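Inside the fold
Take a look at the letters that make up each chain.
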Number of protein chains: 4
Amino acid sequence: MAAPVENPDQLVTSSNPDHPANLIPSLCAKFWTLGWVTGTGGGCSIRDDNLVYIAPSGVQKELMKPADIYVLSLKDQEPSLKERTYLRSPPSYKPSQCTPLFLAAFTRRGAGCCIHTHSHWAVLVTLLLEARGQGSPASKVFEINNIEQIKGFGKGMGKVGNLGYHDTLRIPVIENTPHEEDLTEFLEAAMEEYPDAYAVLVRRHGVYVWGDNVHKAKTQCESLDYLFQLAVEMHQLGLPWISDIPQIAPQRS
Amino acid sequence: MAAPVENPDQLVTSSNPDHPANLIPSLCAKFWTLGWVTGTGGGCSIRDDNLVYIAPSGVQKELMKPADIYVLSLKDQEPSLKERTYLRSPPSYKPSQCTPLFLAAFTRRGAGCCIHTHSHWAVLVTLLLEARGQGSPASKVFEINNIEQIKGFGKGMGKVGNLGYHDTLRIPVIENTPHEEDLTEFLEAAMEEYPDAYAVLVRRHGVYVWGDNVHKAKTQCESLDYLFQLAVEMHQLGLPWISDIPQIAPQRS
Amino acid sequence: MAAPVENPDQLVTSSNPDHPANLIPSLCAKFWTLGWVTGTGGGCSIRDDNLVYIAPSGVQKELMKPADIYVLSLKDQEPSLKERTYLRSPPSYKPSQCTPLFLAAFTRRGAGCCIHTHSHWAVLVTLLLEARGQGSPASKVFEINNIEQIKGFGKGMGKVGNLGYHDTLRIPVIENTPHEEDLTEFLEAAMEEYPDAYAVLVRRHGVYVWGDNVHKAKTQCESLDYLFQLAVEMHQLGLPWISDIPQIAPQRS
Amino acid sequence: MAAPVENPDQLVTSSNPDHPANLIPSLCAKFWTLGWVTGTGGGCSIRDDNLVYIAPSGVQKELMKPADIYVLSLKDQEPSLKERTYLRSPPSYKPSQCTPLFLAAFTRRGAGCCIHTHSHWAVLVTLLLEARGQGSPASKVFEINNIEQIKGFGKGMGKVGNLGYHDTLRIPVIENTPHEEDLTEFLEAAMEEYPDAYAVLVRRHGVYVWGDNVHKAKTQCESLDYLFQLAVEMHQLGLPWISDIPQIAPQRS
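Residues numbered from 1 in each chain as written. Chains lettered and ligands numbered in written order. Predicted model: local features only at pLDDT ≥ 70, side-chain atom pairs only at ≥ 80, totals over all residues. Heavy atoms only, no water.

Turning to the interface of chain A and chain D, a few remarks are in order. Listed per partner, the contact involves 33 residues of chain A and 39 residues of chain D. Here chain A and chain D share an interface that buries about 3000 Å² over both sides, 56% of which is from carbon and sulfur atoms. Put simply, chain A and chain D have 2 salt bridges between them. Glu 62 of chain D is the partner of Lys 218 of chain A in a salt bridge, and the nearest nitrogen-oxygen pair spans 2.7 Å. If you look at where chain A meets chain D, you find 19 residue pairs in polar contact (both at pLDDT 80 or more). Among the residues forming the side of chain A that touches chain D, the class breakdown is 13 nonpolar, 12 polar and 8 charged. (Contact = heavy atoms within 4.5 Å. Buried area = accessible area lost by both parts, 1.4 Å probe. Salt bridge = Lys/Arg side-chain N within 4 Å of Asp/Glu carboxyl O. Polar contact = N/O pair within 3.5 Å; in protein donor to acceptor, adjacent residues only side chain to side chain. Nonpolar A, V, L, I, M, F, W, Y, C, P; charged D, E, K, R; others polar.)

On to the interface of chain C and chain D, then. Contacts between the two partners involve 39 residues from chain C, matched on the other side by 33 residues from chain D. For the pairing of chain C and chain D, the buried interface totals around 3000 Å² over both sides, and the portion due to carbon and sulfur atoms is 56%. The largest per-residue losses of area from chain C upon contact with chain D belong to Pro 178, Glu 185 and Arg 204 of chain C, which jointly make up 22% of the total buried on that side. Seen at the junction of chain C and chain D, the total is 2 salt bridges. In this structure, Glu 62 of chain C and Lys 30 of chain D form a salt bridge, with 2.6 Å as the shortest nitrogen-oxygen distance. There are 19 residue pairs in polar contact (both at pLDDT 80 or more) connecting chain C and chain D. Of all the secondary structure elements, the ones that give two or more residues to the side of chain C that touches chain D are helix 3 (120-130), helix 4 (184-193) and helix 5 (214-236) of chain C. The element that contributes the greatest number of residues to the side of chain C that touches chain D is helix 3 of chain C, accounting for 7 residues. Among the residues making up the side of chain C that touches chain D, the classes are represented as 12 nonpolar, 17 polar and 10 charged. (Helix = DSSP H or I, 4+ residues; strand = E, 2+ residues; numbered from the N terminus.)

To continue, consider the sheet that holds strand 4 (residues 113-117) of chain D. Whenever strands of a sheet pair, they do so through backbone hydrogen bonds, lying parallel or antiparallel. All names here are of chain D. If you trace the 8 strands from one edge of the open sheet to the other, you get 3-2-1-4-8-7-6-5, paired in mixed fashion. This sheet does not close on itself; its edge strands, each paired only once, are strand 3 (70-73) and strand 5 (141-145). Here the average twist between neighbouring strands, direction ignored, is 20 degrees. Sheet contacts for helix 2 (residues 99-109): strand 1 (43-48), strand 2 (51-54), strand 3, strand 4 and strand 8 (206-211); angle to strand 1, the most-contacted strand, approximately 35 degrees. Strands in contact with helix 5 (residues 214-236) are strand 1, strand 4, strand 5, strand 6 (168-174), strand 7 (199-202) and strand 8; relative to strand 8, the strand with the most contacts, it is inclined by about 145 degrees. (Pairing = 2+ DSSP bridges. Axes fitted to C-alpha atoms, helices over the stretch in contact; angles between N-to-C directions.)

The final tally for this structure, using the stated rule, is 20 aromatic pairs over all chains. Ring geometry for Phe 102 of chain D versus Tyr 208 of chain D: centroids 6.0 Å apart, planes at 65 degrees, classification edge-to-face. Linking Phe 102 of chain D in helix 2 with Tyr 208 of chain D in strand 8, this pair joins segments that are 106 residues apart in sequence. Exposure class is identical for Phe 102 of chain D and Tyr 208 of chain D. Each is buried. Clustering of aromatic rings is evident, with ring pairs tying together Phe 142, Phe 228 and Trp 241 of chain A. Across the ring face of Trp 32 of chain A, the terminal group of Lys 30 of chain B is positioned such that the distance to the ring centre comes to 5.4 Å. (Phe/Tyr/Trp six-rings, centres within 6.5 Å; stacked < 30°, edge-to-face > 60°. Buried < 20%, exposed > 50% of the residue type's maximum accessible area, 1.4 Å probe, protein only. Lys NZ or Arg CZ within 6 Å of the ring centre and 35° of its normal.)

All right, on to the relation of the copies chain A and chain D then. By a simple turn and slide, chain A fits onto chain D: the slide is 0.0 Å along the axis, the RMSD is 0.0 Å, and the turn is 90 degrees. Classification of the inter-copy transformation places it as that of a four-fold axis. Nearest to the rotation axis, the C-alpha of Gln 236 of chain A is located 5.9 Å from it, this being the minimum over chain A. The two copies present different faces, since only 3% of the interface residues in chain A are matched by interface residues at the equivalent positions in chain D. (Least-squares fit on C-alpha atoms with pLDDT ≥ 70 in both.)

Another point: the arrangement of the chains. No part of chain A reaches chain C; the closest C-alpha pair between them is 12 Å apart. Considering only C-alpha positions, the minimal separation of the non-contacting chain B and chain D is 12 Å.

Moving on: helix 4 of chain C. Residues and elements named next belong to chain C. Of all 10 residues that make up helix 4, 7 are buried, and the element is covered over most of its length. Those residues of helix 4 that sit buried are Thr 184, Glu 185, Phe 186, Leu 187, Glu 188, Ala 190 and Met 191. In this structure, the buried side of helix 4 is in contact with helix 2 (99-109), strand 6 (168-174), strand 7 (199-202) and strand 8 (206-211).

Residues and elements named next belong to chain A. Mapped onto the present numbering, the UniProt feature "binding site: substrate" (unreviewed entry) falls at Cys 98. Locating Cys 98 in the fold gives a position in the loop between strand 3 (70-73) and helix 2 (99-109). If sequence neighbours within four positions are ignored, Cys 98 has contacts with His 116, Glu 180 and Tyr 208. (UniProt positions renumbered as here; feature names shortened; annotations may be inferred.)

The next point concerns the pattern of salt bridges. Any two side chains of opposite charge can pair, on the condition that their charged atoms come close. This model, assessed by the stated rule, comprises 44 salt bridges over all chains. For Glu 222 of chain B, the salt bridge identified is with Lys 218 of chain B, shortest N-O distance 2.7 Å. Linking Glu 222 of chain B with Lys 218 of chain B, this pair stays in helix 5 (residues 214-236), spanning 4 residues, or about one helical turn. The two residues Glu 222 of chain B and Lys 218 of chain B agree in class, both being buried. Between Lys 151 of chain C and Glu 148 of chain C there is a salt bridge whose closest N-O contact spans 2.9 Å. No difference in accessibility class separates Lys 151 of chain C from Glu 148 of chain C, as the two residues are buried. One salt-bridge network, held together by shared partners, links Lys 30, Lys 218 and Glu 222 of chain A together with Glu 62 of chain D.

Bringing the relation of the copies chain C and chain D into the picture now. Under the fitted operation, chain C is carried onto chain D by 0.0 Å of movement along the axis and a turn of 90 degrees, and the coordinates agree to an RMSD of 0.0 Å. When the interface residues of chain C are mapped onto chain D, a mere 3% of them again fall at the interface, so the copies present different faces.

With 228 residues, the main nonpolar core has Phe 142 of chain A, Phe 142 of chain B, Phe 142 of chain C together with Phe 142 of chain D as its most contacted residues. Residues within four places of Phe 142 of chain B in sequence aside, it is in contact with Val 125, Leu 129, Leu 169, Arg 170, Ile 171, Val 173, Leu 201, Leu 227, Phe 228, Ala 231 and Trp 241 of chain B. (Core = buried A, V, L, I, M, F, W, Y, C linked by side-chain atoms within 4.5 Å.)

Moving on to the packing of helix 3 of chain C against helix 5 of chain D. Close contact between helix 3 of chain C and helix 5 of chain D brings their axes to 11 Å; oriented N to C, the two are set at 40 degrees. In terms of orientation, helix 3 of chain C lies oblique with respect to helix 5 of chain D. The handedness of the crossing between helix 3 of chain C and helix 5 of chain D is right-handed. Residues His 120, Trp 121, Val 123, Leu 124 and Leu 127 of chain C of helix 3 of chain C touch helix 5 of chain D, and the partners they reach there are Tyr 226, Gln 229, Leu 230, Glu 233 and Met 234 of chain D. Among the residues forming the contact of helix 3 of chain C with helix 5 of chain D, the class breakdown is 7 nonpolar, 2 polar and 1 charged. (Parallel < 35°, antiparallel > 145°, perpendicular 65-115°, else oblique. Left-handed = near helix turned anticlockwise from the far one by under 90°.)

This next bit is on the side chain of Glu 180 of chain B. Assignment of secondary structure puts Glu 180 of chain B in the loop between strand 6 (168-174) and helix 4 (184-193). Here Glu 180 of chain B occupies a buried position and makes no salt bridge, while the nearest side chain of opposite charge, Lys 151 of chain C, is found at 4.9 Å. Only 3.1 Å separates the side chain of Glu 180 of chain B from the side chain of His 116 of chain B, close enough to count as a polar contact. Excluding residues that lie within four positions of it along the chain, Glu 180 of chain B makes contacts with Gln 97, Cys 98, Leu 101, His 116, His 205 and Tyr 208 of chain B together with Glu 148 and Lys 151 of chain C. (Lys, Arg positive; Asp, Glu negative; His and termini not counted.)

Another aspect to go through is the environment of Thr 99 of chain C. Residues and elements named next belong to chain C. Inspection of the secondary structure puts Thr 99 in helix 2. Assessed through its relative accessible area of 2%, Thr 99 is described here as buried. Considering only alpha carbons, one finds Thr 99 and Asp 196, 97 residues apart in sequence, at a separation of 22 Å. For Thr 99, the residues in contact, after removing those within four places along its chain, are Ile 54, Leu 72, Arg 84 and Tyr 86.

This is how it looks when you write it as structure tokens:
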């Protein structure tokens, strides 16, 4: 268990705009304009070595301040813990129910940042998959290939480089639970089954996306939302998500 | 009747950004960017104890200033009053026709804030319901369940906690009237019939949303607009608003 | 013909944000964010008594400055004039081809402000009407009723008050011409045929909207774009623009 | 080969907001809000005489700074070069894979600015064309006519004036390749086949748009995105992109 910190507010006080306590509010304000964290939904967490910074529960995301941020130590944290000790707690908030899900990305994937959105493009994709048959295998994974933006994703934890244009991006879908923290075991199971995925969709709820650092998590989250929007529009236009496109070789030497 | 105030402009003069006279303009500017208060439509009112602050009629909502705000006392106010005494009136505006509807939320629900939008998602939802049969019971209530964002709503006045993921959110729909103040009796009747609802849709017009305080009213208004947009898109994709999703129990102890 | 002005730059120099030379740039920047003046299309003109201020041709609308504004005197100006004398011309621009159309709104309607947008909602509405039969009467006027936002429009020049909820808003549609100034005679003919309209749609092009002053022109332009968007979405959902909705009378005394 | 520059950072240091090193970041921030450069995709390059300024690879486009810009000399540059010498390289980035494509616009078209977007409207247009038959002639060019915004495009390199309302805008489509630089030869071939086009679509990827200067490239890119969006919406509404509209002559003398 983490030892108490003498001056906890120092943990969220910095003049550096790239300090996690400053970055989380500025990222969340941006996400609000994108419709990802409407109505206090969604959230964002950043890990700096063993320190984890988390937006609180139920805050207007475009109005968040560094003083609103929770800080905890990753040491001895199990995602499944029911009681958690925080190095720093803001006075008037409750911890986010997303905490164990963020921790799963940090502990099982070594992620440096995890973003959770309620983007309605994500929700619509899960609904379109569900319409293929509730509980069917086809409903449990989003697949798309032959779109340039797929290159925005890494090949997987510990692998070098990014996916290619012709590769198929696969994002598993888990079913939603009444209590958000109960998603953790299913998120972890999906991580097991899809070791290379940097995101997990939650049916009728949204998506969790992570990355090695803030830059990569944000890039992957933006790329994924772009692909979800494209997928919904392709569906409306009768265009399939998976296609067979011949590879073109450059002709000059 | 409220006694005259000596210096009425003091009622709307404060350096505190959370003072209602500052909050209403900043909220309305934000609502304008969301397309909720286009063309001077819609509005917002905040109650602070017995003082009620209201945006005036016919103002460009993204340009409003604290000096534009009306103030009245809730004491002895009946929503149905034809003549109203204002503690403070801006020089060049008319009172909002929404006033009795805002007052209904304050007096009958103890709300601290009420938001009225012309969001076209709200209007489209009322049109889709009307298409089920003008005047039919099915046309008179919007229902959706099994969407995470439903958790953004309280269970109802005086009840503890929020709706759950599997709960059905019900928003009654009233028919529009030629004069906005004539909506009041129908709004009050809908409040009677749906005591737990925090919002009433107005057919071909928009929505009234309230909450115990500004934070809750804004959260519920954003969540509702999110759900209306999702509902329209679900309809376009042939997906039903009400579904039968099995509840998932967490498996670990 | 207007006498030469001694210091023309004074005409566009003011510290008052509501001066037309300051308002046109701030309005156009706002219109750019709404997608109304994409790619230097569209424009805006304000009349202050006999002085007319016009945005130049081919300028990035979100970057416009007061120094970019043309000024001319309304005296002795005929919309159909081929040669025009400007009281003030910016150094590196050409006059807008919309000039005679703006002047038509000022001279024939006494308007104080005229806005021209290329909003794709306006264009789509003209395309949907065209699909009813190229050249047919049904293709030549946009009609919608029983939508609250219709109240955003005045009843017509010289008439008191605004349209009601049950009234039908009618916006004539003229065919586009290769040269924008050639639209003038058709715009004027549409004004004759629809004396109460505050706007004219131009097929496959956009819309001209005016009002007694900047406030009313902007309110009507926003309300119209809202209605155009709603109309396109209603069409996609199979909902008619004209409906027969029974009027509801208030029941309490 | 370009001689080494004594103080390379001077190349990107200027207090003039119109300096390419300042313009590229401000343009890219604007493009990000338009959804054109989501997830570090897309980019922008400006040529000032023989100096070429290029945004780096993999940067968050709305956060770019002048210090992030690459500079190279156009002299002796062949788009097909595998090794390139930069006059100035930012410390922590990699050169953009778009570099040879930007250079093709500069060397073969004398362009002053080239913009690459991943706009999903562009991608959807290429998908709709592909659905006409993979590899078919109809899938290899986007054509639209009789829309006012077409006037936003020049008639072609070395030609005076812009396209007219009735003219057909033609944008060739090339197939995507696994490596972006391999697009260069196909882009150049499309330039050969469509000498008057200021843009080339890349299937399932996005669009390259250029212009004689920044102003024209931006105007053409905005106009094109507007037309792509309109085209997708027209398709959804069952409206054809190519129509036969009679030309209207002005009737007054």
